[in-house]
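The chain contents come next:
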Amino acid sequence: MTTHTLTLLDGGMSRELTRIGAPFQQPEWSALAIIEAPEKVTQAHSNFIQSGANIITTNSYALVPFHIGEERFAQSAKSLAATAGQAAKDAVIQNNMGTKIAASLPPMFGSYRPDLYQADQLSRIATPLIEGLAPYADLWLIETQSLIQEALDINTLINQICNNQKPVWVAFTLEDEQPSNQATLRSGESVKDAVTAMLNAKVTGILFNCCQPEVIEHALTVTLDVLKDRQAEHIQIGAYANAFAPQTKEATANEGLDEVREDLTPLSYLEWAKKWHQQGATLIGGCCGIGPEHIAQLNHHFAPLKD
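Residue numbers run consecutively from 1 along every chain, following the written order of its sequence. This being a predicted model, a pLDDT of at least 70 is required before a residue's local features are given, and a value of 80 or more before pairs of side-chain atoms are given or counted; all residues contribute to the totals for chains, interfaces and linings. Side-chain numbers here rest on the full set of heavy atoms in the structure, without hydrogens or water.

1. Here's the deal with the side chain of Asn242
To keep things clear, this is the line we draw: Runs of E in the DSSP output that reach at least two residues are strands. Runs of H or I that reach at least four are helices, and both are numbered from the N terminus. Counted as a polar contact is a pair of N or O atoms within 3.5 Å, where, for protein atoms, one must be capable of donating a hydrogen and the other of accepting one, and residues adjacent in sequence contribute only when both atoms are in side chains. Any pair of residues with heavy atoms lying within 4.5 Å of one another is described as a contacting pair.
Within the secondary structure, Asn242 sits in the loop between β7 (236-240) and α10 (266-279). Polar contacts involving the side chain of Asn242 include one to the main-chain carbonyl oxygen of Cys210, which spans 3.2 Å. When sequence neighbours within four positions are dropped, the list of residues in contact with Asn242 reads Tyr112, Cys210, Cys211, Gln212, Pro213, Leu264, Cys287 and Cys288.

Below is the structure:
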């Protein structure tokens, strides 16, 4: 029986925002609540904190031109990122729980689309988000990454702007439409190569997110093998799956809310979390479609092991 501690992350913001009546439409997606009703964002964060989350993630995922448009981005990206940071901070203050804030930095050119990456445009998009979020961040979470190079480039930019003063975690999204015996990112790159690159970049946490829970177990096994070979067992690993059916390479985040799998109830999601924890994951939460009720179930089970 494993005895390592656990840090509990939050779940998916978009469905929680819609559930509590926050403004929500495409293409702005979860960014619309930051623009029009940041108090609803604070409420959603509070719901996850009260469910037991040790770390909440800023609602900054959709604050990119892909969602809010080039004109609004140029005018307001930094201030909107700061608003997202403040909404998270307000929830922490209101609940007085010592919860930490992870500053979310998303794929800058669209989820699940490594083919759209433009290295020469990264700084233009990521810099105002980093600058706006920096005062509120306890750590950085570069999430839903499909491409090793984008994760590396964002990490470099954080270090340049913030002088590497806070932990950086990177979460990769895995191929789950046609999984194989090789754990791969949606780019087709191997998890082994991704983990090796992150170790070389000196990130402090490696996670897998926004993919089906069924593909995460193998990715964690590969990760643990690399960490052992590199004598880097101090690096934290984690998982926060989504509740969607497998996503195709043609999927875009602006098509609407995907259907949630009925089988991923709080109790069934707990079974996946228990497997990940037994493997060695110390950072566990949920992504799209995983709500406060799922986090509460995880909290109920893992409370004796929480940091």
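Still to come is the rest of the account.
2. A word on the packing of helix α8 (residues 191-200) against helix α9 (residues 216-229)
Selection criterion: Inter-axis angles, ranging from 0 to 180 degrees, are taken between N-to-C directions of lines fitted to C-alpha atoms, where helices are fitted over the stretch in contact. Working rule for angles: under 35 degrees goes down as roughly parallel, over 145 as roughly antiparallel, 65 to 115 as roughly perpendicular, anything else as oblique. Handedness of a helix crossing follows the sense of rotation of the near helix relative to the far helix, less than a right angle counterclockwise being left-handed and clockwise being right-handed. Note that Gly is not counted as nonpolar here; it falls among the polar residues with everything else outside the nonpolar set of Ala, Val, Leu, Ile, Met, Phe, Trp, Tyr, Cys and Pro and the charged set of Asp, Glu, Lys and Arg.
In contact at an axis separation of 9 Å, α8 and α9 are set at 45 degrees when each is read in the N-to-C sense. With respect to α9, the element α8 is oriented oblique. In terms of crossing hand, the pair formed by α8 and α9 is right-handed. Residue-level inspection shows Val191, Lys192, Val195, Thr196 and Leu199 of α8 in contact with α9, the latter providing Ala219, Val222, Thr223, Val226 and Leu227. Within the contact of α8 with α9, the residues separate by chemical class into seven nonpolar, two polar and one charged.

3. A few points about the sheet that holds β7
Formally: Strand pairing is assigned whenever DSSP detects at least two bridges linking the two strands.
Taken together, eight strands build an open sheet; the order of strands is β1-β8-β7-β6-β5-β4-β3-β2 and the sheet is parallel. Looking at strand neighbours, the two that pair on one side only are β1 (7-8) and β2 (55-57), the edges of this open sheet. Summarising the sheet, β2 and strand β3 (residues 100-105) pair through three bridges and their orientation is parallel. Bridge assignment links Thr57 to a residue of β3, and that residue is Ala102. Contacts from helix α7 (residues 148-162) reach β3, β4 (139-145) and β5 (168-172), with the element oriented near 160 degrees to β4.

4. Quick look at α8
How we decide: Type-normalised accessible area, obtained with a 1.4 Å probe on protein chains alone, sets the label of each residue: buried when under 20%, exposed when over 50%, and partly exposed for intermediate values.
Residues Val191, Ala194, Val195, Ala197, Met198 and Leu199 constitute the buried set of α8. Once α8 ends, the next one or two residues include Lys202, with phi positive near 65 degrees.

5. Digging into the packing of α9 against α10
It is at 10 Å that the axes of α9 and α10 come closest, and there the two elements cross at 10 degrees. The orientation of α9 with respect to α10, classified from their angle, is roughly parallel. Every residue of α10 that contacts α9 at Ile216, Glu217, Leu220, Thr221 and Leu224 is listed here: Trp272, Lys275, Trp276 and Gln279.

6. Thoughts on the environment of Met13
Its location among the elements puts Met13 in helix α1 (residues 13-19). Met13 gets classed as buried once you look at its relative accessible area, which sits at 10%. Between the C-alpha atoms of Met13 and Ile235, which are 222 residues apart in sequence, the distance is 27 Å. For Met13, the contacting residues outside a window of four places in its chain are Val41, Ala44, His45, Phe48 and Asn59.

7. Topic: the nonpolar core
Soluble globular proteins: nonpolar side chains tend toward being buried together. The criterion, for reference: What is meant by a nonpolar core is a set of buried Ala, Val, Leu, Ile, Met, Phe, Trp, Tyr and Cys residues, joined one to another through side-chain atoms within 4.5 Å.
One finds Met108, Trp140 and Trp276 to be the most contacted residues of the largest nonpolar core, which totals 88 residues. The contacts of Trp276, once residues within four sequence positions are left out, are Pro213, Ile216, Glu217, Leu220, Ala239, Ala241, Tyr269, Ala281 and Ile284. Tyr112, Trp169, Tyr240 and Cys288 belong to the second largest nonpolar core, which has 15 residues in total.

8. Describing unusual backbone geometry
The amide bond that connects Gln26 to the next residue, Pro27, takes the cis arrangement and shows omega of 5 degrees. Topologically, Pro27 is positioned in the loop between α1 and α2 (31-36). If you check the backbone angles, Asn96 has positive phi at about 50 degrees while not being a glycine. Relative to the helices and strands, Asn96 is located in the loop between α5 (70-95) and β3. According to the relative accessible area criterion, Asn96 is exposed, its value standing at 68%. With phi around 50 degrees, Cys210 is a residue other than glycine that occupies positive phi space. Checked against the element boundaries, Cys210 lands in the loop between β6 (205-209) and α9.

9. A look at empty space enclosed by the protein
Short version of the rule: Of the two site types, the cavity is a set of points on a 1 Å grid over the protein atoms alone where a 1.4 Å probe fits but cannot get out, and the pocket is an open set with protein on both sides within 12 Å along at least five of seven lines, each lined by residues with an atom within 4 Å of a point. Grid points are joined across faces, edges and corners, and a volume is the space filled by probe spheres set on the points.
Under the criterion given, the structure shown has four cavities of 30 Å³ or more. Roughly 60 Å³ of internal volume is contained in the second largest cavity.

10. As for the pattern of salt bridges
How we decide: Throughout this description, the term salt bridge denotes a Lys or Arg side-chain nitrogen within 4 Å of a carboxyl oxygen of Asp or Glu.
Scanning the model with the defined rule gives seven salt bridges in all. Arg19 is paired through a salt bridge with Glu16; the nearest N and O atoms lie 2.7 Å apart. Here the residue Arg19 and the residue Glu16 both occupy positions in helix α1, the gap between them amounting to three residues, near one helical turn. Residue Glu16 is classed as buried on the basis of its relative accessible area of 3%. Notably, a salt bridge pairs Lys78 with Glu131, separated by 3.9 Å at the nearest N-O pair. In this pair, Lys78 sits in helix α5 while Glu131 sits in helix α6 (residues 122-133), placing the two residues 53 residues apart along the sequence. The partly exposed category is assigned to Lys78, whose relative accessible area is 44%.

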